[in-house]
Amino acid sequence: MLTQIQMEKFAELAVLVGANMQKDQMVVIRCDVQCKDFAHLIAEKAYQFGAKKVIVQWRDEVLSRLTMLNASKETLCEVPDYQIAQSQYFIDNKVCLISISAGNPNIFKGCDPEKLAASNIAGAKAMANFRKATMSNYLRWTIVSIPTPAWAKQVFPDLSEQEGMDKMWDAIGHIMRLDQEDPTEAWRKHIATLHRRADFLNAHNFEYIHLTNKHGTDLRVGLAVDHVWLAAEEEGQDGLPFTANMPTEEIFTAPHNKKIDGTVVNALPLVNNGTIIDNFKLTFKDGKVVDYSAEVGYEALKGLLSTDEGVLSLGEIALIGKNSPIAESGILFFNTLFDENASCHLAFGASYPTTVKGGNDMDEKALAEHGMNTSLQHVDFMIGTKDIDIDGIDHDGNVTPLFRDGEWVI
Ligand code: ZN
Ligand code: ZN
C-alpha cells in the first residue's frame, strides 16, 4: 500500500505534470465510483493549486454492464442531448481533463458483441467534438490509473483479492516513481531523458530502423517521410505542455507503410478483445504482412488481420528500454496504459497524424504520400525482448546503434 503522502504526491502528479492545470481553470475528472477516494484527493489538490471548479463525471462499471445486458440496442445507441451539451460546455470552458483508467478488463464478458459495438460507435459519433478537442490538444488531458479489486483479480488470479490489490498498489507506486523522494522531480527528469532521446532520433532523420534478436526477429522498418519521434510531453494548442499518459516510457513514430521487410517475433502475449494471441511470427514484404503463424490464438490473429487492407501494415514503432520500471515489473496488466509501455512495440493499423510534420493539417491523400497508414484498427503488439538490438540507418546508409541487449545505448 502507498502512504498518505505518496497518494497526495500521486494526485499532485496528475494535476501538475499530467494535465498541467492552470490557476482558475476548470477541471473535469472522469472515473469509476470505485475510485471515489482518489478522485476526492485529486479534487482537493486541484483546489489547493487554484482550480476554479472541479466537476466529476462518475462512471459505474457494474451499472454499465447491467445496462448493456438489459437495454435494447436502440436505447443503447441513444445519446441524450444533455450529455452532448455538457461536453460542449467543457470545450467552451477550456477545462483540463483527468481520467482515471481503472476497472475490470472483462466487465462486458458475455454481452452481445453487436450491441457493444453499436453503442460504442453511437457514443463516439455523438462525442466527436469532444474527442477532437482532446486528440488535437485543444484541451489538455491526462490518464492515470489505480487498482480495483476485479482488475487485481484478473492480473493476479492466484492471489486473494487483498493480496492482489496490495501487489498492484506496490507495482503502480514504483512505476509512478512514488517511491522516490520527490516524485514530481523524478518525473521531470524522466521526461527530459525521453525528450533528449527523441531529439537525437529526430536529428538523425533515419530512413530505416533495423531490429534483430536471437528469437528470429530480423526486421527493417522504413520510417514515414518527414516523420517525427514523439515522447511523453505534448504541447497544447495554447502552447502549454502536458503529459497525456502517466506512466509513459515510449518514444514513437510512424513507419512507412510500403517499406517494411523481414520477420518479427512477439515478445509478450497480445490481448485483443479478450483473446490471448501468443508465440506468433509475422513476415513483411514491401510494407505488408505476407505470412504469419501463431501457436496460441491463430484464429484471433487471422480475424484481426482480416479487418481491412490497412491492418496488414504498421502504424507505429515505439522504443522502450528493458530497464523501464514497467518492463522490470514483469506484470501483464491487461490495460494498455501499462502494457504498451512495457516493451518495444509495433502497431497493426492506423498511424497518428501527429507523428509526421504538419500531419494534423494534411488530408488523407497527403498522409498516404508520406507513407502514413490508415485502418479501422490500431493494435499494439510487443516485440522488445531482453536481447533485442536496434540500429538506425540514415539515407546515406550510415548505421547508428540505438539498443544493445534490450536497452538504449544513446
Ligand atoms: Zn505506443
Ligand atoms: Zn499504439
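Residues numbered from 1 in each chain as written. Chains lettered and ligands numbered in written order. Predicted model: local features only at pLDDT ≥ 70, side-chain atom pairs only at ≥ 80, totals over all residues. Heavy atoms only, no water.

Further remarks concern the sheet that holds strand β17 (residues 378-382). Pairing is antiparallel in the open sheet, where five strands are placed in the order β7-β10-β15-β16-β17. The open sheet has two edge strands with one neighbour each: β7 (230-231) and β17. Pairing analysis gives four bridges linking strand β15 (residues 314-319) to strand β16 (residues 345-349), with the strands arranged antiparallel. Paired with Glu-316 across the strands is Ala-347, a residue of β16. Strand contacts of helix α10 (residues 183-204): β7 and β10 (251-253), with the helix running at about 35 degrees to β10, the strand carrying the most contacts. (Pairing = 2+ DSSP bridges. Helix = DSSP H or I, 4+ residues; strand = E, 2+ residues; numbered from the N terminus. Contact = heavy atoms within 4.5 Å. Axes fitted to C-alpha atoms, helices over the stretch in contact; angles between N-to-C directions.)

With that out of the way, let us pick up the coordination of the zinc ion (ligand 1). Bound to the zinc ion (ligand 1) on the protein side are Glu-250 (OE), Glu-316 (OE), Glu-340 (OE) and His-345 (NE2), at distances that span 1.9 to 2.6 Å. Given four donor atoms and angles of 90 to 144 degrees at the metal, the environment of the zinc ion (ligand 1) is assigned as irregular. Considered as a linear motif, the donors of the zinc ion (ligand 1) on their single chain read E-x65-E-x23-E-x4-H. The distance between the zinc ion (ligand 1) and the zinc ion (ligand 2) comes to 3.4 Å, with Glu-316 serving as a donor to both metals. Both residues of the pair, Glu-340 and His-345, count as buried. (Donors = N, O, S within 2.8 Å, 3.2 Å for Na, K, Ca; no water. Tetrahedral: all angles 85-135°; square planar, octahedral: opposite > 155°, others 65-115°. Buried < 20%, exposed > 50% of the residue type's maximum accessible area, 1.4 Å probe, protein only.)

Moving on, we get to the coordination of the zinc ion (ligand 2). Bound to the zinc ion (ligand 2) are the protein donor atoms Glu-316 (OE), His-378 (NE2), Asp-380 (OD) and Asp-380 (OD), situated 2.0 to 2.7 Å from the metal. Here the zinc ion (ligand 2) binds four donor atoms, and the angle range of 52 to 133 degrees at the metal identifies the geometry as irregular. Positions of the donor residues of the zinc ion (ligand 2) along the chain correspond to the pattern E-x61-H-x1-D. Given the relative accessible area of 1%, Glu-316 is considered buried.

Another aspect to go through is the domain arrangement of the protein. Domains assigned within the protein are domain 1 (4-175) and domain 2 (205-229 + 249-408). Look at where the C-alpha atoms of domain 1 and domain 2 centre, and you get two points 27 Å apart. Opposite the 14 residues of domain 1 that make contact, domain 2 presents eleven residues. Between domain 1 and domain 2 lies a buried interface of about 1,100 Å² when both sides are counted; carbon and sulfur atoms form 74% of it. When the area that domain 1 buries against domain 2 is broken down by residue, the three leading residues are Trp-151, Val-155 and Ile-175, summing to 39%. Between domain 1 and domain 2 we count zero salt bridges in total. Between domain 1 and domain 2 we count two residue pairs in polar contact (both at pLDDT 80 or more) in total. (Domains from an automatic or database assignment. Buried area = accessible area lost by both parts, 1.4 Å probe. Salt bridge = Lys/Arg side-chain N within 4 Å of Asp/Glu carboxyl O. Polar contact = N/O pair within 3.5 Å; in protein donor to acceptor, adjacent residues only side chain to side chain.)

Moving on to the sheet that holds strand β1 (residues 26-32). Judged by pairing direction, the sheet is parallel, and its four strands sit side by side in the order β2-β1-β3-β4 without closing on themselves. Only two strands of the sheet have a single partner each, and these edge strands are β2 (53-59) and β4 (141-144). When strand polarity is set aside, the average angle formed by the axes of neighbouring strands in this sheet is 15 degrees. Inspection of the sheet shows β1 paired to β2 by seven bridges, in the parallel sense. Across the sheet, the residue bridging to Arg-30 is Gln-57, located in β2. Of the strands in this sheet, β3 (96-100) and β4 touch helix α1 (residues 4-18), which is tilted by about 155 degrees from β4. Of the strands in this sheet, β1, β2, β3 and β4 touch helix α2 (residues 36-48), which is tilted by about 165 degrees from β2.

Here the focus is the nonpolar core. Residues Phe-10, Phe-38, Ile-100, Phe-348 and Phe-381 are the most contacted members of the largest nonpolar core, which totals 91 residues. With seven residues, α1 is the largest single contributor of residues to this core. Residues from two domains meet in this core; each of domain 1 (4-175) and domain 2 (205-229 + 249-408) gives at least three. Those residues in contact with Phe-348, other than ones at most four positions away along the chain, are Leu-270, Leu-282, Leu-301, Leu-304, Leu-305, Val-311, Ser-313, Leu-314, Gln-377, His-378, Val-379 and Phe-381. Formed by 13 residues, the second largest nonpolar core is a distinct cluster that contains Met-26, Val-28, Ile-55 and Leu-139. (Core = buried A, V, L, I, M, F, W, Y, C linked by side-chain atoms within 4.5 Å.)

We now examine the layout of surface pockets. A volume near 310 Å³ is recorded for the second largest pocket. Together, 18 residues line the second largest pocket, and Leu-268, Ala-327, Ala-342, Gly-384 and Lys-386 are the ones closest to its centre. Here the residues of the lining of the second largest pocket are counted per class, giving ten nonpolar, six polar and two charged. (1 Å grid on protein atoms, 1.4 Å probe; cavity = no way out; pocket = protein on both sides within 12 Å on 5 of 7 lines; lining within 4 Å. Points joined across faces, edges and corners; volume = space filled by probe spheres on them. Nonpolar A, V, L, I, M, F, W, Y, C, P; charged D, E, K, R; others polar.)

Another point: unusual backbone geometry. Looking along the chain, the bond that leaves Met-246 and enters Pro-247 is cis, with omega of 10 degrees. On the secondary structure map, Pro-247 appears in the loop between β9 (241-243) and β10. Within the chain, Asp-226 stands out as a residue other than glycine whose phi angle is a positive 60 degrees. By the element assignment, Asp-226 lies in the loop between β6 (218-223) and β7. Residue Asp-226 is classed as partly exposed on the basis of its relative accessible area of 36%. Of note, the phi angle at Asn-279 is positive, near 50 degrees, even though the residue is not glycine. Assignment of secondary structure puts Asn-279 in strand β13 (residues 275-285).

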